[in-house]
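Structural overview for review
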Amino acid sequence: MSSIWYNKSIKLADLGAIEPGTMAEFLGMEWTEIGEDYVKIKMPVDQRTKQPYGLLHGGASCALAETIGSVASQLVLDPNKFICVGLEINANHVRSARSGFVTGIAKPLHLGGATHVWDIRIYDDAEKLICISRLTLAILKKAL
């Protein structure tokens, strides 16, 4: 299988740190892996990402899914010509997490000229499925 990424020689180090001052940085997200057609990111389950019952907040799972899917979409595009913006996200929270880390894995379902659709699966440290999310992005021409 050949790489889906615009930069065919992209490496994990190329993703760098999460952009400073963003929600992803505040929630402690870190890139962990990039493959030919997927990306992985992890996030701690701690005071920043829990709801009052001590469980991973569903909104934190959605923030993780939106982050990984949006970045993955941008990696598919020529950054000099296109940007991507979220159109719709859904999430099914199938299990809870109370501690440790959760890891999101994004794989494309559709990579079209006007939209991208990503399947994002979030797992706990025991590799149990926590959340299934689908993210749809609009592909826009970059303003010159």
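These numbers were taken from a predicted model, which means no experiment stands behind them.

Reading the values: rules and limits
Residues numbered from 1 in each chain as written. Predicted model: local features only at pLDDT ≥ 70, side-chain atom pairs only at ≥ 80, totals over all residues. Heavy atoms only, no water. Helix = DSSP H or I, 4+ residues; strand = E, 2+ residues; numbered from the N terminus. Rg over C-alpha atoms; globule rule 2.2 N^0.38 Å. Buried < 20%, exposed > 50% of the residue type's maximum accessible area, 1.4 Å probe, protein only. Lys, Arg positive; Asp, Glu negative; His and termini not counted. Charge placed at Lys NZ, Arg CZ, Asp CG, Glu CD. 1 Å grid on protein atoms, 1.4 Å probe; cavity = no way out; pocket = protein on both sides within 12 Å on 5 of 7 lines; lining within 4 Å. Points joined across faces, edges and corners; volume = space filled by probe spheres on them. Nonpolar A, V, L, I, M, F, W, Y, C, P; charged D, E, K, R; others polar. Pairing = 2+ DSSP bridges. Axes fitted to C-alpha atoms, helices over the stretch in contact; angles between N-to-C directions. Contact = heavy atoms within 4.5 Å. Disulfide = S-S within 2.5 Å. Phe/Tyr/Trp six-rings, centres within 6.5 Å; stacked < 30°, edge-to-face > 60°. Lys NZ or Arg CZ within 6 Å of the ring centre and 35° of its normal.

Considerations on the overall build of the protein
Across its full length, the protein holds three helices and six strands. Start at the N end of the protein and walk to the C end: the helices and strands fall as α-α-β-β-α-β-β-β-β. A globule of 144 residues ought to have a C-alpha radius of gyration of about 15 Å, and the protein, at 15 Å, matches this closely. Along the longest, intermediate and shortest principal axes, the C-alpha atoms of the protein span 45 × 35 × 30 Å. Burial statistics for the protein: of 144 residues in total, 42% are counted as buried. Distance between charge centres in the protein, computed from 15 positive and 15 negative side chains, equals 3 Å.

Describing the layout of surface pockets
Put simply, the largest pocket is a space of about 280 Å³. Around the largest pocket, the lining is made up of 14 residues, and of these A17, I18, E19, W31 and V71 lie nearest the centre. Contributing elements (two or more residues each) for the lining of the largest pocket: α1 (12-15), α2 (23-26) and α3 (58-76). Looking at the lining of the largest pocket, the element that brings in the most residues is α3, giving four residues. Each residue belonging to the lining of the largest pocket can be placed in one class, and the counts come to 10 nonpolar, two polar and two charged.

Re the sheet that holds strand β6 (residues 129-141)
Read from one edge of the open sheet, six strands run β1-β2-β4-β5-β6-β3, paired in antiparallel fashion. Because the sheet does not close on itself, it has two edges, and the strands there are β1 (30-34) and β3 (82-93). Adjacent strand axes in the sheet meet at a mean angle of 25°, parallel and antiparallel pairs treated alike. Together, β1, β2 (39-44), β3, β4 (101-111), β5 (115-123) and β6 form the strand contacts of α3, whose direction differs from that of β3 by roughly 145°.

Description of the state of the cysteines
By the definition in use, this model includes zero disulfides. No disulfide involves C62; its sulfur sits 6.0 Å from that of C131, the nearest cysteine.

Here we look at the pairing of β5
Here eight bridges tie β4 to β5, and the two strands are oriented antiparallel to one another. Across the sheet, T103 pairs through a bridge with Y123, a residue of β5. Linking β4 to β5, which pair antiparallel, is a turn of three residues. A loop of five residues connects β5 with β6, the two strands running antiparallel in sequence, and E127 in this loop sits at a positive phi of about 65°.

Looking at the packing of aromatic side chains
This structure, assessed with the given rule, holds one aromatic pair. With centroids separated by 6.4 Å and ring planes inclined at 5°, the aromatic side chains of W5 and W118 adopt a geometry described as stacked. In this pair, W5 is assigned in the segment before α1 and W118 in strand β5, connecting sequence segments 113 residues apart. For the pair formed by W5 and W118, the shared burial category is buried. The side chain of K42 reaches across the aromatic face of F101, ending 4.4 Å from its centre.

Nothing here speaks to function; it is all geometry.
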